[in-house]
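The lines below spell out each chain.
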Amino acid sequence: MSTLTYRAATPADIPALITLVTSAYRGDASRAGWTTEADILDGARIDAQGLQADLERPRSTILLAERDGQLLACAHVADDQGKGYFGMFSVDPAQQGGGIGKQVMLAAEAHAAREWGVSVMQMTVIDIRDELIAFYERRGYLRTGIKKPFPYGDERFGIPKRDDLRFEILEKPLVVPA
């Protein structure tokens, strides 16, 4: 199996990103992997307008992971007021469980430390996603105990199927290259 290659997304990648991220989190297709949110959220996970904004934002990269020209995974990394932000992390459900996610996380962390000199990476995770949080903890992320309300009524984040959703911030120290 050939190695993963990484590149920054461009506006031309937006349709493929919508397909990938949606397949990893929403609808029946997402049930092929373990990252599905289909039982807790309906609706869109991302849209073209939001992706375009992330692409245009200073100190922001949507990192794509490809093998033989096929998009397998992505992550949005950015400098958020001096701390790294890690989000929109998606692996093709048919490829989950094979180590691609671990590789992409490391590449995203290295990118943020190298490009912006951030020494901490943060992410927000829906706090009832115990299996997902455990995955991140095995990769060095720590639960901060800081909770944020879920944006009920803002369909950009999905249509909740439950009324007890919150985000929790997870953090990981990064090594900044000299």
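Residues numbered from 1 in each chain as written. Predicted model: local features only at pLDDT ≥ 70, side-chain atom pairs only at ≥ 80, totals over all residues. Heavy atoms only, no water.

Undergrad: Pulling in residues and values, what's your account of unusual backbone geometry?
TA: Although it is not a glycine, arginine 59 adopts a positive phi angle of roughly 55 degrees. Following the sequence through the fold, arginine 59 ends up in the loop between helix 2 (48-56) and strand 3 (60-67). The backbone of methionine 88 sits at a positive phi, close to 50 degrees, despite the residue not being glycine. (Helix = DSSP H or I, 4+ residues; strand = E, 2+ residues; numbered from the N terminus.)

Undergrad: Talk me through the nonpolar core; I want residue IDs and the actual numbers.
TA: Residues Phe86, Phe89 and Tyr136 are the most contacted members of the largest nonpolar core, which totals 44 residues. Only helix 1 (14-25), helix 2, strand 3, strand 4 (70-80), strand 5 (83-91), helix 3 (100-116), strand 6 (120-126) and helix 4 (130-138) provide two or more residues apiece to this core. The element contributing the most residues to this core is helix 3, with 8 residues. Ignoring sequence-local partners within four residues, the contact set of tyrosine 136 consists of Phe86, Phe89, Met105, Met123, Val125, Tyr141 and Leu170. Counting 6 residues, the second-largest nonpolar core is a separate cluster that includes Ile40, Ile126, Leu165 and Phe167. (Core = buried A, V, L, I, M, F, W, Y, C linked by side-chain atoms within 4.5 Å. Buried < 20%, exposed > 50% of the residue type's maximum accessible area, 1.4 Å probe, protein only. Contact = heavy atoms within 4.5 Å.)

Undergrad: Can you break down the sheet that holds strand 7 (residues 142-149) residue by residue, with the values?
TA: Sheets are built from strands paired through backbone hydrogen bonds, the pairs being either parallel or antiparallel. One open sheet holds the 7 strands; their spatial order is 1-3-4-5-6-9-7, and the pairing between them is mixed. Of all the strands in the sheet, just strand 1 (5-8) and strand 7 have a single pairing partner and so form its edges. The mean inter-strand angle of the sheet, taken between neighbouring strand axes irrespective of direction, is 30 degrees. The sheet contact formed by strand 7 and strand 9 (residues 166-173) spans 5 bridges and is antiparallel. The partner of proline 149 across the bridge, within strand 9, is arginine 166. (Pairing = 2+ DSSP bridges. Axes fitted to C-alpha atoms, helices over the stretch in contact; angles between N-to-C directions.)

Undergrad: Explain the packing of aromatic side chains to me, using residue names and the numbers behind them.
TA: Both the distance between ring centres and the angle between the ring planes are used here to describe each pair of aromatic rings. This model, assessed by the stated rule, comprises 6 aromatic pairs. Each ring, one from phenylalanine 89 and one from tyrosine 136, has its centre 6.3 Å from the other, and the planes form 45 degrees; the classification is tilted. Of this pair, phenylalanine 89 sits in strand 5 while tyrosine 136 sits in helix 4, and the two are 47 residues apart along the sequence. Both residues of the pair, phenylalanine 89 and tyrosine 136, belong to the buried class. On the basis of an interplanar angle of 65 degrees and a centroid distance of 5.5 Å, the ring pair of phenylalanine 135 and tyrosine 136 is categorised as edge-to-face. (Phe/Tyr/Trp six-rings, centres within 6.5 Å; stacked < 30°, edge-to-face > 60°.)

Undergrad: Describe the pairing of strand 6, listing the residues and the values that go with them.
TA: Within strand 6, 6 of the 7 residues are buried, which leaves it mostly tucked inside the rest of the structure. As defined by bridge partners, strand 5 adjoins strand 6 across 2 bridges and the pair is classed as parallel. Note on strand 6: the bridge partner recorded for glycine 84 is methionine 121. Across 7 bridges, the pairing between strand 6 and strand 9 is antiparallel.

Undergrad: Can you break down the packing of helix 1 against helix 2 residue by residue, with the values?
TA: Helix 2 packs onto helix 1 with a crossing angle of 115 degrees between their chain directions and a minimal axis gap of 10 Å. In terms of crossing hand, the pair formed by helix 1 and helix 2 is right-handed. Contact with helix 1, carried on its side by Ile14, Leu17 and Ile18, involves Ala48, Leu51, Gln52 and Leu55 of helix 2 and no other residues of that element. Of the residues contributing to the contact of helix 1 with helix 2, the split by class is 6 nonpolar, 1 polar and no charged. (Left-handed = near helix turned anticlockwise from the far one by under 90°. Nonpolar A, V, L, I, M, F, W, Y, C, P; charged D, E, K, R; others polar.)

Undergrad: An account of helix 4 is requested, with residue identities and associated values reported.
TA: All buried positions along helix 4 are accounted for by Leu132, Ile133, Phe135 and Tyr136. Down the axis of helix 4, the smallest arc covering the buried residues is 155 degrees, so these residues share one side. Summarising the geometry of helix 4, the exposed residues directed more than 90 degrees from the buried face are Asp130, Glu131 and Arg138. Following helix 4 by one or two positions, glycine 140 has its phi on the positive side, about 100 degrees. (Arc of directions from axis to C-beta.)

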